[in-house]
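Observations on the three-dimensional arrangement
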Amino acid sequence: MSAAAPLLEVSELKVSFETEDGTVRAVDGVSFSVRAGEVVAIVGESGSGKSVTAMTLMGLTRGPNARFEGTATFEGRDLVSAPEDELRRIRGGDIAMVFQDPMSSLDPVYRIGAQIVEQIRAHDPEISKAAALDRAVELMERVGVPNARARLRSYPHEFSGGMRQRVMIAMALSCSPKLLIADEPTTALDVTIQAQILEELRQLRSETGAGIILVTHDLGVVADVADRVVVMYAGRVVEQGTLEELFYDPQHPYTWGLLGSITRVDSDRSKRLPAIPGTPPSLLRPPQGCHFRPRCPHAFEKCTEVPPLSAGIPAAPDHLDRCWLEPERKRKLRVVDGRIGLGKTSMSGKTSLSSLASSPGGELAGDP
Amino acid sequence: MAGVLIAISIVTFLLFAAIPGGNPANRLAGRLADPEEIHLIDVKYGFDKPIYVQYVKTMKNIFTGQAYSYQQGFNVLTEIEAGAPATFSLALGAGIIWLLTSIAVGTLAAIRAGKYTDRVLTVLAMTGVSMPPFFLGAVLIYFVGYKLNFLPIGNFVPISHSPWEWFKHLLMPWFTLSVLFIGFYSRVLRSTILDTINEDYVRTARAKGLSERQVLFRHILRNSLIPIMSLWGLDLAQVIGGGAILTETVYNLHGIGQLAATAIASLDIITLMAIVLLTAFFVVFLSALTDILYAFLDPRIRLS
């Protein structure tokens, strides 16, 4: 993943929905890129626009009330403006998606096998039913479903949540996608299953070299599998960089808050878990300037203007953040704040990152 | 199942016993009869016996085919048998028409929800629901049958006589009866589809790269038809059991429904008991059949 052209380049993506109460700017100028073989995590609270961003890439947010701006270039094609027909061929083929709730994401009235075969045949009308079924067996075995051929005859309700999510992943893999979008793939699952599903994703990346976009609010999951992280807040990217940059040298006060509100194996249990005060703003009437301003303890006059997404540290040109504070001042405030999840002592080693990953409740406080 | 039928028959019987003037003896005796005569009739037919004795006797007669109408003297079962072909023809034809039409109308309204087509269909559906069959029937008979002379007016021709005549004679009754159900069913289907569209598995279907047509027919419609099918089973059962009283009477089809209408008008308890039992039987039978169909449509309720 060096200088190769990115697989997906999202640039200034804006998505808004017309509602009875006015225009909701769900995504407000989001830019990021994904290279082949890379896992990019999009992190944020509920309503930060992370899922809308992911679904827009698949054309799933299109509708009479949706407005789009910007581009999302995938192999030379713009996904935002692509005609529905072209997009349909890409969907489930070159770009596949795994959804949050495996319990309701499979059609209850069809057998598992039929649902996988349906996708294979949608992208390869020539393939025979028997061949598609063989391929389905192969896929199910690959994602670790035991007794795959027999299980293909089961209905979704006969499967557990974890098994269903495996089926969803098998389905997503059926046409060897170049990009996999996983929208909170582990949120509805219990912790041991979470770990197994994440392992599947990791393996998948190394076996197929596909790029993965992982949408999540679970920083534990992020620390576990992501190469790069995009932090979203109220429809905007507030910070993005590599996993190490984000966890060891976070630049945006919101990211500090996120990292500070994680439970950790080595944290002091007698203390109250810190949380970011306040609630995310309404996307109908977002605050002027920086969207995080009303909740930011370090806001000053300049924050009524929208800060640009820019690199503050010369040594890390790809580590971008959207904050007016000077990098020097940030470093001081961050220490004084004492809120950062990874304090000075733990910043030296990678152990803390893995301890974070294995902690069961590695979720943002205040997010369901 | 048998329990339901027994309960229904008891309630019906008691209801008739409680109606003022329900005692058939008064009718049999005529308007100028003196109490003596009425008493003689009471004794002859057993109306002086306790009500449960009368009930048991009536039921026995019905099930042994010995039930004769007090008023008209005919064998009730023979009459029902005679009316059955007309009623069955009406019910099955109309049932198929209203099911298929309402699936088409409901689907169209749902995928055009909020648009012009949807609004027009909503108005039509409401008109259909509130259109009494006797009115629509009369209008059709006058214009299509009498003025334009397109179709024969009323009466029933058995399919064994002439399939073409059978079809022509039933076309207007089918339509009249269907209109009522199409309005209701298409509304139900429309709202079920609009609920189903928001299901996660429909989003999955789109994400798989299926065409809109495939998403609609394989996933949305297949799941939305489940509630409609159970409604259909019960409504069809009612019509088969003689429930389409108005339609049958308007078109003079001489079916079970029309027989029921005459029986009600003359408080003909034996005939009515038999028809009520027949209707109840079909409702119970078809709802059991619908349950089986239901399991076929929805694997979640299938027995393992």
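Residues numbered from 1 in each chain as written. Chains lettered and ligands numbered in written order. Predicted model: local features only at pLDDT ≥ 70, side-chain atom pairs only at ≥ 80, totals over all residues.

Below, the discussion takes up the overall build of chain B. Scanning chain B from N- to C-terminus turns up 13 helices and 0 strands. Each helix and strand of chain B, ordered N terminal to C terminal, gives the series α-α-α-α-α-α-α-α-α-α-α-α-α. Judged by the C-alpha coordinates and their principal axes, chain B covers about 85 × 55 × 35 Å. For chain B, buried positions account for 36% of its 304 residues. Nonlocal contacts in chain B, meaning residues at least 24 apart in sequence, comprise 71% of its contacts between residues at least 6 apart. (Helix = DSSP H or I, 4+ residues; strand = E, 2+ residues; numbered from the N terminus. Buried ≥ 20, exposed ≤ 12 C-beta atoms within 10 Å, placed from the backbone. Contact = placed C-beta atoms within 7 Å.)

A word on the overall build of chain A. Along its length, chain A carries 12 helices and 12 strands. Within the span of chain A, comprising 368 residues, buried residues form 48% of the whole. For chain A, restricting intrachain contacts to residue pairs at least 6 apart in sequence, the fraction spanning at least 24 positions comes to 67%.

Before going further, it helps to spend a moment on the interface of chain B and chain A. When the parts of a complex come together, some accessible area is lost, and that lost area is often used as the size of the interface. With 19 residues of chain B at the interface, the matching set in chain A holds 23 residues. Among the secondary structure elements, those contributing two or more residues to the side of chain B that touches chain A are α9 (200-207) and α10 (212-243) of chain B. Ranked by residues supplied to the side of chain B that touches chain A, first place goes to α9 of chain B with 7 residues. For the side of chain B that touches chain A, a count of residues per class yields 6 nonpolar, 5 polar and 8 charged. (Nonpolar A, V, L, I, M, F, W, Y, C, P; charged D, E, K, R; others polar.)

Residue and element names in this part refer to chain A. Between helix α6 (residues 161-173) and helix α7 (residues 191-208), whose axes approach to 10 Å, the crossing angle comes to 15°. One finds that α6 runs roughly parallel with respect to α7. Our pair here, α6 against α7, has a crossing hand that is right-handed. Mapping the contact onto sequence places G161, G162, Q165, I169 and L173 in α6 and I193, Q196, I197, E200 and L204 in α7. (Axes fitted to C-alpha atoms, helices over the stretch in contact; angles between N-to-C directions. Parallel < 35°, antiparallel > 145°, perpendicular 65-115°, else oblique. Left-handed = near helix turned anticlockwise from the far one by under 90°.)

As a further point, take the pairing of strand β10 (residues 236-242) of chain A. Residue and element names in this part refer to chain A. Along β10, 6 of the 7 residues are buried, which leaves the element largely enclosed by surrounding structure. Two strands pair when backbone bridges link them, and strand β9 (residues 228-233) and β10 are joined in this way by 6 bridges, in the antiparallel orientation. Paired with Y233 across the bridge in β10 is R236. Summarising the sheet, β10 and strand β12 (residues 320-321) pair through 2 bridges and their orientation is antiparallel. Among the inter-strand pairings, Q240 is bridged to a residue of β12, identified as L320. (Pairing = 2+ DSSP bridges.)

Right, let's talk about the packing of helix α6 (residues 116-129) of chain B against helix α8 (residues 163-197) of chain B for a bit. Residues and elements named next belong to chain B. Taken N-terminus to C-terminus, the directions of α6 and α8 make an angle of 135°; their axes are 7 Å apart at the nearest point. Taken together, the axes of α6 and α8 lie oblique to each other. Seen along the crossing, α6 lies across α8 with a hand that is left-handed. Contact residues: α6 offers A125, M126, G128 and V129, while α8 offers V179, L180, I182, G183, F184, S186 and R187. When grouped by side-chain class, the residues that make up the contact of α6 with α8 number 7 nonpolar, 3 polar and 1 charged.

The first and last C-alpha atoms of helix α5 (residues 76-111) of chain B sit 50 Å apart over 36 residues, in line with the 52 Å expected at 1.5 Å per residue. At A84 of chain B, α5 of chain B shows its maximal bend, which comes to roughly 40°, and the proline P85 of chain B appears one to four places after that position. (Expected span 1.5 Å × (residues − 1). Bend = angle between axes of the 7 residues up to and from the residue.)

Okay, the pairing of strand β8 (residues 211-216) of chain A next. Residues and elements named next belong to chain A. In terms of residue burial, β8 counts as a mostly covered element, since 6 of its 6 residues are buried. Here β8 shows no split at all, with G211, I213 and V215 on one side and I212, L214 and T216 on the other all buried. Bridge analysis of strand β7 (residues 179-183) against β8 gives 5 bridges, and the strand direction is parallel. Residue D183 lies in a different strand from β8, and its bridge partner there is V215. Crossover handedness for the path β7 to α7 to β8: right-handed. (Right-handed = clockwise from strand over helix to strand, strands pointing away.)

It is worth spelling out the sheet that holds strand β5 (residues 77-78) of chain A at this point. In a beta sheet, neighbouring strands pair by backbone hydrogen bonds and run either parallel or antiparallel. Residues and elements named next belong to chain A. The 4 strands lie next to each other as β2-β1-β4-β5, forming an open sheet whose pairing is antiparallel. Looking at the sheet topology across the chains shown, the edges are occupied by β2 (22-34) and β5. Bridge count between strand β4 (residues 66-74) and β5: 2 bridges; the pairing is antiparallel. Along β5, the bridge assignment pairs F74 with R77. Across the sheet, helix α1 (residues 50-57) touches β1 (8-19), β2 and β4, and the angle it forms with β2 is around 70°.

Compared with the 46 Å implied by 1.5 Å per residue over 32 residues, the 40 Å span of α10 of chain B between its first and last C-alpha is markedly short. If you look at α10 of chain B, its biggest bend is around 40°, right at L221 of chain B.

Among the secondary structure elements, R222 of chain B is positioned in helix α10. With 66 residues separating them along the chain, R222 of chain B and F156 of chain B place their C-alpha atoms 37 Å apart.

Residue and element names in this part refer to chain A. Strand order in the open sheet formed by 8 strands is β6-β7-β8-β3-β9-β10-β12-β11, with mixed pairing between adjacent strands. Since the sheet does not close on itself, it has two edges, and those belong to β6 (95-98) and β11 (310-311), each with one partner. Helix-sheet contacts for α6 involve β6 and β7, and the interaxial angle to β6 is about 175°.

Here we come to the environment of G241 of chain A. All names here are of chain A. Its place among the elements puts G241 in strand β10. Sequence separation between G241 and L320 is 79 residues, and the spatial gap between their C-alpha atoms is 6.3 Å. Contacts of G241, omitting those with residues within four sequence positions, involve R228, V229, L246, A316, D318, H319 and L320.

In this section: the environment of E199 of chain B. Residues and elements named next belong to chain B. Along the chain, E199 falls in the loop between α8 and α9. A tally of 17 C-beta atoms within 10 Å means that E199 is categorised as partly exposed. Taking the C-alpha atoms as reference points, E199 and V56, 143 residues apart in sequence, are found 54 Å from one another.

On to the confidence of the model for chain B, then. Residue-level pLDDT values for chain B average 87, and 98% of them are 70 or greater. Both scores are available for the predicted complex, with the pTM at 0.81 and the ipTM at 0.82. (pLDDT = per-residue confidence, 0-100.)

All names here are of chain A. Even without glycine at this site, E12 takes up a positive phi of about 50°. You can see E12 is positioned in strand β1. Located in the positive-phi region is E75, a residue other than glycine, with phi close to 50°. In this structure, E75 sits in the loop between β4 and β5. Classification of E75 as partly exposed rests on a count of 13 C-beta atoms within 10 Å.

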